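Below are the chains, spelled out letter by letter.
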Amino acid sequence: MMRSLFSGVSGLKGHQTRMDVIGNNIANVNTTGFKSSRTTFADALSQTTSGAAAPTDNLGGTNPKQIGLGSNVSSIDMIFTDGSVQSTGKNTDLCLSGNGLFVVKQGIQTYYTRNGAFEFDAEGNYVMPGSGLFVQGWMGENGAVNTTGAVTNINIPSGKSMAAQATGTITYANNLDSDSLMLTSVTGGITVEGRQVATASSAVTLKFSDGTTQTVTSGSYVSGHSMPITTTATIYDSLGTSHSIPILLEITEKNPGTGNTWTAVIAPTLKSGTTIDTTLVAADGTVITPTLTSTTIRFTTTGAYDPDTSNIGELKLEYTPSPGGAGVVSPQTISVLSFADVTQYAGSNTVSASADGYAAGRLSSVSIDSSGVITGTYTNGVKQAEAQIAIAQFNNATGLTKTGNSLYQESTNSGTANIKTAGDLGVTITGSALEMSNVDIANEFSDMIITQRGFQSNSKIITVSDELLETVINMKR
């Protein structure tokens with residue numbers, strides 16, 4: 001009778017613990033990134049009144065006689081499955097899916113969390129706003145993030161400035177028409193460096209290889225070349241001022257057997273009246289003198305660019321600032337690096353030029369992709385990687401120690417944190433979203449009913465045991 005009384009008590013304690021766990025789960029049904037727990041029971045030590053006996057020739061074997069001494073809580077396990085993704089529209093919120101946790105820090109103390117409700121503070125630190133803990137990651141430098149070093153606080157000040165970057169390369173892409181008509185004669189206009197430049201007062205008459213003629217009042221032409229294609233490259237000087245450089249592309253040799261040859265030249269520009277040269281004048285009065293060394297572009301008979309026989313020159317710009325202008329600008333050399341993406345097929349001329357470099361700018365917004373890269377968008381239109389968020393992974397995430405405020409710390413059974421990028425660990429980050437609690441209300445209510453019945457059943461054990469004891473005591477009367 002005393003054994004049954006203690007068994008009932010142990011059952012009450014166990015079910016009370018289970019009810020505590022269920023209550024905590026339901027209380028955190030709307031806690032961001034919360035992971036629910038479950039309670040498992042195991043029977044307690046049994047008292048053996050007689051041991052087992054092996055069978056003999058004359059008698060079969062007998063089983064041991066054991067009386068259980070109740071139950072105890074075997075484990076309280078954290079369920080580390082993903083919660084649902086909830087869109088918030090706030091660009092600093094993050095939802096983590098997969099086996100990983102965000103890394104946050106306070107002083108020398110490192111914590112881990114699934115709560116991605118982050119934001120930037122007054123000094124540009126990326127933090128958990130409720131506690132001020134610093135989100136950890138790797139900072140970018142010149143638009144590149146090195147994730148091989150130690151993690152650090154992520155700091156991206158609002159309005160961060162970006163210095164101007166002078167253009168260093170111009171790259172061409174798309175198609176040049178292999179069937180462009182050749183000019184058999186060019187008459188009229190003004191002669192500038194072997195080219196006939198057409199003006200409103202001095203027109204140029206063009207005769208084409210198909211026998212047609214045309215009179216034009218703008219542009220520059222060379223007999224024996226094709227009709228020029230005008231491309232405009234927008235380049236930036238060392239102060240970030242943009243300039244449009246007109247470059248002409250034209251066939252100088254048509255050879256169906258070996259492929260056509262094209263050249264690139266600076267387009268002469270009408271300055272005033274009938275004065276024509278290739279200098280440009282910026283808005284502040286700075287005079288720009290561009291020169292392009294001999295540039296020959298050749299293609300194979302299949303229409304592909306032939307780098308082996310092409311000769312790509314350099315575009316150099318000399319700046320002569322006017323009094324009161326933007327200041328002294330260093331001479332600039334731009335390499336026209338690549339025509340590798342240019343083709344020469346029969347059809348339309350779709351060739352275009354793009355240049356690197358940019359004006360000065362200030363950070364206007366940030367966005368975060370699925371790998372945790374924080375990309376800054378600047379007022380000059382440039383986007384660059386500012387930082388990347390670090391993710392920690394544990395061999396046994398359910399073994400982490402809860403410290404409150406949706407934070408965890410390593411334990412002796414969680415394993416050591418493996419801190420890498422989201423892509424390295426196979427997890428996914430969803431921006432402008434948060435992870436909901438993974439508590440299953442229907443399951444919790446079902447467990448609540450089972451726990452209640454278990455508690456009631458064990459209370460009956462205690463009640464009946466007490467009545468039996470009372471009967472024994474009343475025997476003496």
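Since the model is a prediction, treat every value here as computed from it, not as a measurement.

1. Comments concerning the packing of aromatic side chains
- Evaluation of the coordinates by the stated rule reveals seven aromatic pairs.
- For the ring pair Phe-299 and Tyr-305, a centre distance of 6.3 Å and an interplane angle of 70° mean the geometry is edge-to-face.
- Members of the aromatic cluster, joined through ring pairs, are Phe-102, Phe-118, Phe-120 and Tyr-126.

2. Some details on helix H1 (residues 2–27)
- The terminal C-alpha atoms of H1 lie 37 Å apart, and with 26 residues this matches the ideal 38 Å at 1.5 Å per residue to within 8%.
- Looking at H1, one finds that the buried residues are Leu-5, Ser-7, Gly-8, Ser-10, Gly-11, Leu-12, Gly-14, His-15, Arg-18, Val-21, Ile-22 and Asn-25.
- In this structure, the buried residues of H1 make contact with strand E1 (37–43), strand E3 (65–68), strand E4 (71–78) and helix H3 (441–474).

3. Points about the pattern of salt bridges
- Counting across every chain of the model gives nine salt bridges.
- Between Glu-318 and Lys-316 there is a salt bridge, with the nearest N and O atoms lying 3.8 Å from each other.
- A network of salt bridges, in which partner residues are shared, links Lys-35, Asp-82, Arg-114 and Glu-435.

4. Here's the deal with the pairing of strand E22 (residues 229–236)
- Residues Ile-229, Thr-231, Ala-233 and Ile-235 line the buried face of E22, whereas the alternating positions Thr-230, Thr-232, Thr-234 and Tyr-236 sit on a face that is not buried.
- The loop that links E22 with its antiparallel partner strand E23 (residues 242–253) comprises five residues; one of these, Gly-240, has a positive phi angle of about 90°.

5. Things to note about the packing of H1 against H3
- Two elements in contact, H1 and H3, have axes whose closest approach is 8 Å; the angle formed by their N-to-C orientations is 160°. When the axis of H1 is compared with that of H3, the two are roughly antiparallel. Here the hand of the crossing between H1 and H3 comes out left-handed.
- Among the residues forming the contact of H1 with H3, the class breakdown is 14 nonpolar, twelve polar and three charged.

Criteria and cut-off values
Residues numbered from 1 in each chain as written. Predicted model: local features only at pLDDT ≥ 70, side-chain atom pairs only at ≥ 80, totals over all residues. Heavy atoms only, no water. Phe/Tyr/Trp six-rings, centres within 6.5 Å; stacked < 30°, edge-to-face > 60°. Helix = DSSP H or I, 4+ residues; strand = E, 2+ residues; numbered from the N terminus. Expected span 1.5 Å × (residues − 1). Buried < 20%, exposed > 50% of the residue type's maximum accessible area, 1.4 Å probe, protein only. Contact = heavy atoms within 4.5 Å. Salt bridge = Lys/Arg side-chain N within 4 Å of Asp/Glu carboxyl O. Pairing = 2+ DSSP bridges. Axes fitted to C-alpha atoms, helices over the stretch in contact; angles between N-to-C directions. Parallel < 35°, antiparallel > 145°, perpendicular 65-115°, else oblique. Left-handed = near helix turned anticlockwise from the far one by under 90°. Nonpolar A, V, L, I, M, F, W, Y, C, P; charged D, E, K, R; others polar.

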